[in-house]
Amino acid sequence: MRKLAALAAVVTMSVGTLTACSGGNYCDNLKGYVDSSKDLDIKNADAVGKMLDQAKKVSKSAPDDLKDDWKTVIDYAEKAQDAKGDTNKLVELAKSDGDKITPAMTAITKQAKDSCKIDLPGAGNAN
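Quick caveat, the model's predicted, so the values are computed rather than measured.

A.B. asks: Describe the nonpolar core, naming the residues involved and giving the relevant values.
C.D. replies: The biggest cluster of nonpolar side chains holds 30 residues, and the ones touching the most others in it are Tyr26, Leu30, Tyr33, Trp70, Val73 and Ile108. Not counting chain neighbours up to four residues away, the residues in contact with Val73 comprise Tyr33, Ile101, Met105 and Ile108.

Given below as C-alpha cells:
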C-alpha cells in the first residue's frame, strides 16, 4: 500500500500552497492541472482521466526543456487510468515506472517553483 500511496502522491503532485502565477500560458495551465489533481483518487479512472486531460494541456504549453518530463507524466497517468482502479496493477505500475516518474516530477516541481511561483511540496522531493 505504501507504493500505491507514493503513486498517488506523484501523480497528483502533492498539491501545496499556490501563490501568484506569472509566466504566461504554461503557468496558468499548470495551475489548472494542480487544481484538477486535488484530492485525486488514483483508483478512480474517471478522475485520473480528467487530470490526464489537464496534463496534456499543460504539456502543450510547457517549456521545451520540460516536454519529455510531461510526456513521462502523461504516459504514467495513462497507465494508471488503464489500471481502472485495480490495486495490484497500480502497485505494479509504481514498481515498474516509479524510477521514471520521480526525476520528471522533480524537474517539473523545480520549474513550477522557480518560474511560476507555484509551490508543490513533496512532489519531486521523494527520496
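A.B. asks: Explain the pattern of salt bridges residue by residue, including any values.
C.D. replies: Applying the stated criterion across every chain, the model contains seven salt bridges. Two residues, Lys95 and Glu92, come together in a salt bridge whose shortest N-O distance is 3.7 Å. Taken as a pair, Lys95 and Glu92 lie in helix 5 (residues 87-116) at a separation of three residues, close to a single helical turn. Given the relative accessible area of 47%, Lys95 is considered partly exposed. Across the pair Asp97 and Lys100 runs a salt bridge whose closest N-O atoms are separated by 3.8 Å. Separated by three residues within a single helix, Asp97 and Lys100 lie in helix 5, roughly one turn from each other. Judged by its relative accessible area of 7%, Asp97 falls in the buried class. Each of the salt bridges in this network shares a partner with another, and the network as a whole consists of Lys79, Asp97 and Lys100.

A.B. asks: Explain the packing of helix 3 (residues 45-61) against helix 4 (residues 67-82) residue by residue, including any values.
C.D. replies: The contact between helix 3 and helix 4 brings their axes to 9 Å, and the two run at 165 degrees. For the element pair helix 3 / helix 4, the angle class is roughly antiparallel. Of the two elements, helix 3 crosses helix 4, and the hand of that crossing is left-handed. Along the contact surface, helix 3 presents Ala45, Val48, Gly49, Met51, Leu52, Ala55, Lys56, Val58, Ser59, Lys60 and Ser61, while helix 4 presents Lys67, Trp70, Ile74, Ala77, Glu78, Ala80 and Gln81. Its residues assigned to classes, the contact of helix 3 with helix 4 shows 10 nonpolar, four polar and four charged.

Parameters at a glance
Residues numbered from 1 in each chain as written. Predicted model: local features only at pLDDT ≥ 70, side-chain atom pairs only at ≥ 80, totals over all residues. Heavy atoms only, no water. Core = buried A, V, L, I, M, F, W, Y, C linked by side-chain atoms within 4.5 Å. Buried < 20%, exposed > 50% of the residue type's maximum accessible area, 1.4 Å probe, protein only. Contact = heavy atoms within 4.5 Å. Salt bridge = Lys/Arg side-chain N within 4 Å of Asp/Glu carboxyl O. Helix = DSSP H or I, 4+ residues; strand = E, 2+ residues; numbered from the N terminus. Axes fitted to C-alpha atoms, helices over the stretch in contact; angles between N-to-C directions. Parallel < 35°, antiparallel > 145°, perpendicular 65-115°, else oblique. Left-handed = near helix turned anticlockwise from the far one by under 90°. Nonpolar A, V, L, I, M, F, W, Y, C, P; charged D, E, K, R; others polar.

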